[in-house]
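Below, each chain spelled out in residue letters.
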Amino acid sequence: GLRFLLEAFAKVSPERPEATLLIVDAGRGWEYFEELSKQLGIAKKVTFTGGLYEDDLRNAYQNASMLVMPSLNESFGMVCVEAMACGIPVVATKVGVLPEIIESGKSGFIVSPSDPPSMAEKIMYILDNPEVAQKFGVLARRNAEKLSWSGSAEKTNDVLLSALLDCTKDKS
């Protein structure tokens, strides 16, 4: 999906000349994407970091206007949850559980996979509307808290307690 993000950013860049793109850990084959960014004329605005960990990753999230997750397939979307926990709105593709994690139009946007024009539109919307981006970020953080270990444990506890109460009612 990274190719589609670069194509989307090539549409964003002329419209929003101040925008830059930070690509964290492009994985194997990052040289291809670096070359593609040159072909698209955006190489000077795109930075490939390689892997970032702990404080460096947290700083990258906190300095970002948004996270764009252009996945073509995704199992859970931990990167989205990490960004959301930092109060960052997310633009992600409609794959895996991402539509369940991100409330489109409330904590970010869900776009169709391999759709650079739609992705570019949502990126520009967030860049152009900082007050909306801030609201998205607040809700994103709340949603991420629900996905934390303590949030999951609390939900599990509620389900078990409800089941126990139902069993008790049936016996009386």
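Look a little higher up for the structure.
Note that the structure is a prediction, hence the values are computed from the model and not measured.

S.K.: Hey, could you run me through the pattern of salt bridges in this one?
M.R.: Proximity of charged atoms lets side chains of opposite charge pair with each other. Applying the stated criterion to the full structure yields six salt bridges. Ionic pairing is found between Asp128 and Arg16, a salt bridge with its closest N-O pair at 2.4 Å. Taken as a pair, Asp128 in helix α6 (residues 116-128) and Arg16 in the loop between α1 (2-15) and β1 (21-24) lie far apart in primary sequence, 112 residues in all. According to the relative accessible area criterion, Asp128 is partly exposed, its value standing at 39%. Taking relative accessible area as the criterion, Arg16 reaches 15% and is therefore assigned buried. Here Glu145 ties to Arg141 by a salt bridge, and the two come within 3.6 Å at their closest N and O atoms. Taken as a pair, Glu145 and Arg141 lie in helix α7 (residues 130-146) at a separation of four residues, close to a single helical turn. On the accessibility criterion, Glu145 (43% relative accessible area) is partly exposed.

Procedures and definitions
- The numbering scheme is per chain: residues are counted from 1 as the chain's sequence reads.
- Only residues with pLDDT of 70 or above have their local features reported here, since the model is predicted, and side-chain atom pairs are shown and tallied only from 80 upward, although totals for entire chains, interfaces and linings are computed over all residues.
- No hydrogens and no water enter the side-chain calculation; it runs on all heavy atoms of the structure.
- Any Lys or Arg side-chain nitrogen located within 4 Å of an Asp or Glu carboxyl oxygen qualifies as a salt bridge.
- Strands here are runs of E lasting at least two residues and helices are runs of H or I lasting at least four, both read from the DSSP assignment and numbered beginning at the N terminus.
- Partly exposed residues are those whose accessible area sits between 20% and 50% of the maximum for their type, while under 20% is buried and over 50% is exposed, using a 1.4 Å probe and protein chains only.

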